[in-house]
Amino acid sequence: MAPQTLYEKIWNAHVVREVPGQPSLIYIDRHLIHEGTSPQAFAGLKAAGRKVRRPDLTFAVMDHSVSTKNRLLPVLDADARGQFEALERNCKETGVRLFDMHSRNQGIVHIIGPELGITQPGQTIVCGDSHTSTHGAVGALAFGIGTSEIEHVLATQCLSQAKSKTGLIRFNGKRPKGVTSKDFILTLIGKIGIAGGTGYVFEYAGDAVRALSLEARMTMCNMTIEGGARAGMMAPDETTFKYLEGKPFVPRGKEFQEAVEHWKALASDPGATYDFVVDIDASKLAPQVTWGTNPGMVTDVTSRVPDPNSFSDPVDKKAAERALVYMDLKPGTPITDILVDRVFIGSCTNSRIEDLRAAAHVIAGKHVAKSVKQALAVPGSRVVKVQAEKEGLDKIFLDAGFEWRDAGCSMCIGMNDDVLPSGERSASTSNRNFEGRQGKGSRTHLVSPMMAAAAAIEGHFVDIRKWDVNGAE
Amino acid sequence: MQAFVKHTGLVAPMDRVNVDTDQMVPKQFLKLQTREGFGRTLFYDWRYLPGEALNPEFPLNFPRYRGASVLLARANFGCGSSREHAPWAILDYGFRAIIAPSYADIFYNNCFKNGILPVTLSDAQVDDLFKRAEKQEGYRLTVDLQDQVVSDESGLRIPFEIDPFRRDCLLKGLDDIGLTLEHEPHISAYEKSNPKSAPMYEAVDVKIAAPQT
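What comes next concerns the included structure.

Calculation rules
- Residues numbered from 1 in each chain as written.
- Chains lettered and ligands numbered in written order.
- Predicted model: local features only at pLDDT ≥ 70, side-chain atom pairs only at ≥ 80, totals over all residues.
- Buried ≥ 20, exposed ≤ 12 C-beta atoms within 10 Å, placed from the backbone.
- Helix = DSSP H or I, 4+ residues; strand = E, 2+ residues; numbered from the N terminus.
- Pairing = 2+ DSSP bridges.
- Contact = placed C-beta atoms within 7 Å.
- Axes fitted to C-alpha atoms, helices over the stretch in contact; angles between N-to-C directions.

Considering the pairing of strand E10 (residues 200–205) of chain A
All names here are of chain A. Counting buried residues along E10, six of its six residues qualify, which places the element largely inside the surrounding structure. Both faces of E10 are covered, namely the face carrying Tyr200, Phe202 and Tyr204 and the face carrying Val201, Glu203 and Ala205. Inspection of the sheet shows strand E9 (residues 165–172) paired to E10 by six bridges, in the parallel sense. By the bridge assignment for E10, Arg170 is matched with Ala205. Strand direction decides the pairing type here: E10 and strand E11 (residues 231–233), joined by three bridges, are parallel. Along E11, the bridge assignment pairs Val201 with Ala231.

Next up, the structure:
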């Protein structure tokens, strides 16, 4: 048999039916849902008199609109309350397991999936959220879908899909201190552009990727969609197996050993071919900061805000001009001269325990700059929150002048009341710096947790490599 | 789903590259539970000034583009969030077809689920259509899915490519869940030979705070 990629192996194992001239019917192993994109799918299902085929493979959580403050208080936002009630009702009626806002396992859907071991290697995983690509870090095929497709999966546990092209992205060399997997993925998006991966599934490889923790790998897969590719994935290895062992939904004992043997066979075969290959020297990378209104508008922290005239493509030039007006930035401004109003450490990209540890290490014994109006630390899940509190990280954040919040999507999308006010500028560990993403008129700069933490202390971006980051990760 | 066979309508240009779905329907409208009524929210932050007064500088608000039903757009249209609220808003506003050089994957897929035809043409062809739409007030295009041609009243005819299966589903307005359910025996057979389950090996989901009633 011809050598196969990880993607092809998972794909082939999930084909239910192939009819010439039609997309393939693919079986879905895990369906994750949240309050934001599911109500219309359940309503459609009900209207058509259809049932949820596999409630046992479907998991629901409240994350997008939940308050990160006191959840014992009534939900004042009537629309958000309506969504929560709808999700609760829909799950009750169909037998889908729900982690509601009071569950100790509540958290951002892409944080709790791997954390509970719902997400496992070799699976197909979908969710009505583009950052579903996160779960690919365990060696799964995971991608975001629309509400019509949610309804389709609820009814059939299958999706009609055309096979994607494949891209191999290799990061080799020793990652410098202060440079994180967030900087890996931002560098890649800056290189290929935000549509560079359209039509592709990416596989990340190379010794610099192998050396990353599983949580750090999730950050890369998470932002894969920002480069246009619907899914990103990594071959499962010892790091993956160690991470998964003992998680609530992961097999135990002999069954776990059998699973590991199966998972080991998922890695791409030697000689497997890809539609394109990108090689990046990780040892040469610097911390990244976005300057514009999409994640591809990014540069090294040591660099300057680019001059739109430096873009040869007239379309890029126009986009850069528009972005600089929106961001209120002048060409040539050193990145480290950009002042920030607020700092957000959170989101499905960077709110896991290692992210919080890294940020806490940077701010320990220091205080948020007077010019910074708000610094938020929002754990990705309640499990992360409890762990952080066990380690005393909450105290470090609070002593430094950060607010320590409950778990949810928070200021990444601003569907609750954690909103970046118009005209204000953030250093944010989230994934999108689109116009108005964190709030109408808000200006977002995407960075790693260490970079965001340092910006909170200094009130402007700094090159974290100049700080003592030994022990930050 | 509404079928799409052939549509003729006024063209509105959206001359921006990488228009993301956050712009099409901002976050505050993602809490509604219907598929209808999103037309009002389309391009909300661009379209309205404070107090929902129409922004006179935004092209869709120009009197000459009122009632447009063919949206002319730039590359990577619909990038970002998977929210299907974006195509719902486009449809509810009155657009039946989009013409652009490229689309983001999830948005492209979502269009077909809602009876919207996203036509892909080359950069040069789209450029030319932008020029025509801006030059000639009342510029209309006919988008014919049956014959796979975009045409105007001056005799311009541009053929386009589209996946034959997607074309067929849209022409007939097929319910794709119904289509998949026709494969029920195959789904059951797959489940039998590949038993999937998500057993839980330790207690989870204890409430840490009682909800207030």
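What about the interface of chain A and chain B?
Taken residue by residue, the interface counts 68 residues in chain A and 54 residues in chain B. Elements with a contribution of two residues or more to the side of chain A that touches chain B: strand E1 (15–17), strand E2 (24–27), helix H2 (39–47), helix H3 (78–94), helix H5 (147–156), strand E8 (158–161) and helix H11 (314–327) of chain A. Sort the elements by how many residues they give to the side of chain A that touches chain B and H5 of chain A lands first, with six residues.

As for the sheet that holds E8 of chain A
Spatially, the three strands line up as an open sheet ordered E1-E2-E8 (chain A), and their pairing is antiparallel. If you trace the sheet from one side to the other, it starts and ends with E1 and E8 of chain A, each paired once. The mean angle between the axes of side-by-side strands here comes to 40°, regardless of whether they run parallel or antiparallel. Alignment of E2 of chain A against E8 of chain A, held across four bridges, turns out to be antiparallel. Note that in E8 of chain A the partner of Ser24 of chain A across the bridge is Gln161 of chain A. Together, E1, E2 and E8 of chain A form the strand contacts of helix H8 (residues 184–193) of chain B, whose direction differs from that of E1 of chain A by roughly 145°.

In short, geometric facts, not functional conclusions.
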